[in-house]
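Structural characterization, general
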Amino acid sequence: AMGGNHTQPTFILLGITDTPWAQAPLFVLFLLIYVLTLAGNIGLMVLVWVAPSLHIPMYFFLTHLSLADVCYATVISPRMLTDLLSGDKTISWAGCVTQFHLFALFATAECHLLAAMAYDRHVAICHPLRYVTAASPRACWQLVAWSYLVASLSALVYTGCTFGGSFCGPRRVDHFFCEASAVLRLACSGTRGSEVAIFALATANGLGTGVVILLSYGRILHAVLGMRSAPSKARAFRTCASHLASVSVFYGTLFFMYLQPVSRHSSQDKVASVFYTVVSPVLNPFIYSLRTQEVKAALGKCRRGMLNL
């Protein structure tokens, strides 16, 4: 079924813009964002690893969220950066498949990790007495393993649907990475079945995890409003606000992209894609570390320890 890809096994990524003067400023901007993404997320992972006060489930999930962010930013950004500078925008068929597959895997894992974090917050705030058993190390590892298992299986289906047909004619992908709808537009075989399958699975992943998050926050809101003391209300809202902020950025743009038919896609997609592939990964560590007292305290401790050395 992989016919048509033997004659000319390359795609051409048209990139984010074809305006010559915009390439250099965009390169500088996206390079800066990518460096911040790596520094912020890896920094957060190291901090959680070395600070005993952060060895709690919420930060365990956060390190995996950071790992997913680093991985899928790395799948997208370096390639986009080289394309902004170089004239050669071709990408091999295998390169295109690999890039899309890894992107789909880590983006789907991110949805499930965000849902696991919402569940963790829900148990912590609504059932504090059950929290130690409900969020045991084993339970946390199981949730993370489940996130990656579902993501791996979903990515196989997405990739099979996207690249399973035959491609003919000029393979100009009107995007800055091998994104499903942009690639499907180049297929010369019928794509209706593939589109329906991708749409159905994306909906199941997106809405499934979205419902878990919404239900968790509904219960949390109910519990917080019932709290007597103002400080504990404020603390509960603080830990939830950071998680809600990253959920909004990530889900908002993903839903905009994938819950519409391929024929409706337009150049606005590239702008939306920049949000979840480039902006969302850089925001998460800052959203969490600036909003939560524990991270600030652990950072201060590490800084003092380093100065003493």
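Residues numbered from 1 in each chain as written. Predicted model: local features only at pLDDT ≥ 70, side-chain atom pairs only at ≥ 80, totals over all residues. Heavy atoms only, no water.

All right, on to the pattern of salt bridges then. All told, the structure shown has three salt bridges when counted by the stated rule. Among the salt bridges present, the one from Asp83 reaches Arg79, with a minimum N-O distance of 3.0 Å. Note that Asp83 and Arg79 are positioned in helix H2 (residues 57-85) at a spacing of four residues, about one turn of the helix. For Lys270, the salt bridge goes to Asp174, with nearest N and O atoms at 2.9 Å. In this pair, Lys270 sits in helix H9 (residues 268-291) while Asp174 sits in the loop between strand S3 (172-173) and helix H6 (180-184), placing the two residues 96 residues apart along the sequence. Take Lys270: its relative accessible area is 12%, and that puts it in the buried class. (Salt bridge = Lys/Arg side-chain N within 4 Å of Asp/Glu carboxyl O. Helix = DSSP H or I, 4+ residues; strand = E, 2+ residues; numbered from the N terminus. Buried < 20%, exposed > 50% of the residue type's maximum accessible area, 1.4 Å probe, protein only.)

Moving on, we get to the UniProt feature "transmembrane region" (unreviewed entry) in the chain. Per the UniProt record, "transmembrane region" (unreviewed entry) is annotated on residues 26-51, 58-80, 100-119, 139-158, 196-215, 236-259 and 271-290. Between the C-alpha atoms that bound residues 26-51 there is a distance of 37 Å. The span itself is 96% helix and 0% strand. Taken end to end, residues 139-158 is 100% helix and 0% strand, and its first and last C-alpha atoms sit 28 Å apart. (UniProt positions renumbered as here; feature names shortened; annotations may be inferred.)

Turning our eyes to something else, we now look at the nonpolar core. Counting residues in each nonpolar core, the largest one holds 86 residues, and the members touching the most others are Phe11, Phe30, Phe103, Phe163 and Phe250. It is helix H3 (residues 93-126) that provides the largest number of residues to this core, a total of 19 residues. In contact with Phe250, not counting residues within four places along its chain, are Tyr72, Ala107, Glu110, Cys111, Leu114, Tyr276 and Ser280. (Core = buried A, V, L, I, M, F, W, Y, C linked by side-chain atoms within 4.5 Å. Contact = heavy atoms within 4.5 Å.)

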